[in-house]
Amino acid sequence: QRTALLNQSWGEISANVGSTMKEYILCANSWAEFIARHFQMRQVNVFLRDIVQHVQTDREYEANYPLLQSIVANLINNISDFSSLFESDAFLKFLYIFDNEEVRIDVYRSIVE
């Protein structure tokens, strides 16, 4: 029942949120903690795949690296199964969003800390 609610809610939000990449990423950032804390890895993967799909449409996401980094922090700080997160193809693809080497190093450093 919870999963159905998440799927319906996030599907609506994902399809209709704001008109800018920043608005979408802000919304995703707000949901990241909730999803990491209350759902299984399967739903986290769906969420991450949706973010990757949205941001790959153009390079506008590069202006929002701090918000994307915050999503990583929210996931790391709230997920109960670290090993599944690190084994997840969806999480790895999400990390590939950070194609600026300096930013990528900061993200990896935050994960290790």
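Details of the structure are given in the entry above.
Residues numbered from 1 in each chain as written. Predicted model: local features only at pLDDT ≥ 70, side-chain atom pairs only at ≥ 80, totals over all residues. Heavy atoms only, no water.

(A) Spatial organisation of a nonpolar patch on the surface. A cluster of nonpolar residues, L92, Y96 and Y108, forms a patch on the protein surface that exposes about 310 Å² of accessible area. Here Y108 shows up in helix α7 (residues 101–112). (Patch = residues over 30% accessible without salt bridge, like charges linked within 9 Å, V, L, I, M, F, W, Y side chains within 5 Å. Areas by Shrake-Rupley, 256 points an atom, 1.4 Å probe, with all protein chains shown as cover. Salt bridge = Lys/Arg side-chain N within 4 Å of Asp/Glu carboxyl O. Helix = DSSP H or I, 4+ residues; strand = E, 2+ residues; numbered from the N terminus.)

(B) Molecular detail of the nonpolar core. By size, the foremost hydrophobic cluster in this structure holds 38 residues, and its most contacted members are L68 and F94. Counting only elements with at least two residues in this core, the list comes to α1 (2–16), α2 (21–38), α3 (41–55), α4 (65–78), α6 (89–95) and α7. The greatest single-element share of this core, amounting to 9 residues, is contributed by α2. (Core = buried A, V, L, I, M, F, W, Y, C linked by side-chain atoms within 4.5 Å. Buried < 20%, exposed > 50% of the residue type's maximum accessible area, 1.4 Å probe, protein only.)

(C) Seen up close, the packing of aromatic side chains. Scanning the entire structure with this criterion turns up 7 aromatic pairs. Their ring planes at 70 degrees and their centres at 5.6 Å tell us that F34 and F39 sit as a pair that is edge-to-face. Both rings, one in Y61 and one in Y65, keep their centres 6.1 Å apart while their planes meet at 70 degrees; by these two values the pair is edge-to-face. Given the relative accessible area of 7%, Y65 is considered buried. Connected via pairs of aromatic rings, a cluster forms that spans Y61, Y65, F94 and F98. (Phe/Tyr/Trp six-rings, centres within 6.5 Å; stacked < 30°, edge-to-face > 60°.)

(D) Fine view of the packing of α4 against α7. Across the interface, α4 lies against α7 with an axial gap of 10 Å and an inter-helix angle of 20 degrees. Taken together, the axis directions place α4 and α7 in an arrangement best described as roughly parallel. Here α4 runs over α7; the crossing is right-handed. Judged by residue contacts, Y65, Q69, V72 and I76 of α4 engage V103, D106, V107 and I111 from α7. Across the contact of α4 with α7, the residue classes break down as 6 nonpolar, 1 polar and 1 charged. (Axes fitted to C-alpha atoms, helices over the stretch in contact; angles between N-to-C directions. Parallel < 35°, antiparallel > 145°, perpendicular 65-115°, else oblique. Left-handed = near helix turned anticlockwise from the far one by under 90°. Contact = heavy atoms within 4.5 Å. Nonpolar A, V, L, I, M, F, W, Y, C, P; charged D, E, K, R; others polar.)

(E) Just the pattern of salt bridges, in detail. Within the structure shown, the criterion is met by 4 salt bridges. Of the charged contacts, one joins R37 and E33 as a salt bridge, the two residues approaching to 3.1 Å between their closest N and O atoms. On the criterion of helical spacing, the pair formed by R37 and E33 is a turn pair, its members being 4 residues apart in helix α2. In this structure R37 comes out as partly exposed when scored by relative accessible area, which is 48%. Here E33 falls in the partly exposed class, since its relative accessible area comes to 32%. Look at the salt bridges and you will find they share partners, linking R59, E62 and D99 into a network.

(F) Fine view of α4. For α4, with 14 residues, the first-to-last C-alpha span of 20 Å sits near the 20 Å given by 1.5 Å per residue. Those residues of α4 that sit buried are Y65, L67, L68, I71, V72, N74, L75, I76 and N78. Buried residues along α4 sit in contact with α2, α3, α5 (82–87), α6 and α7. (Expected span 1.5 Å × (residues − 1).)

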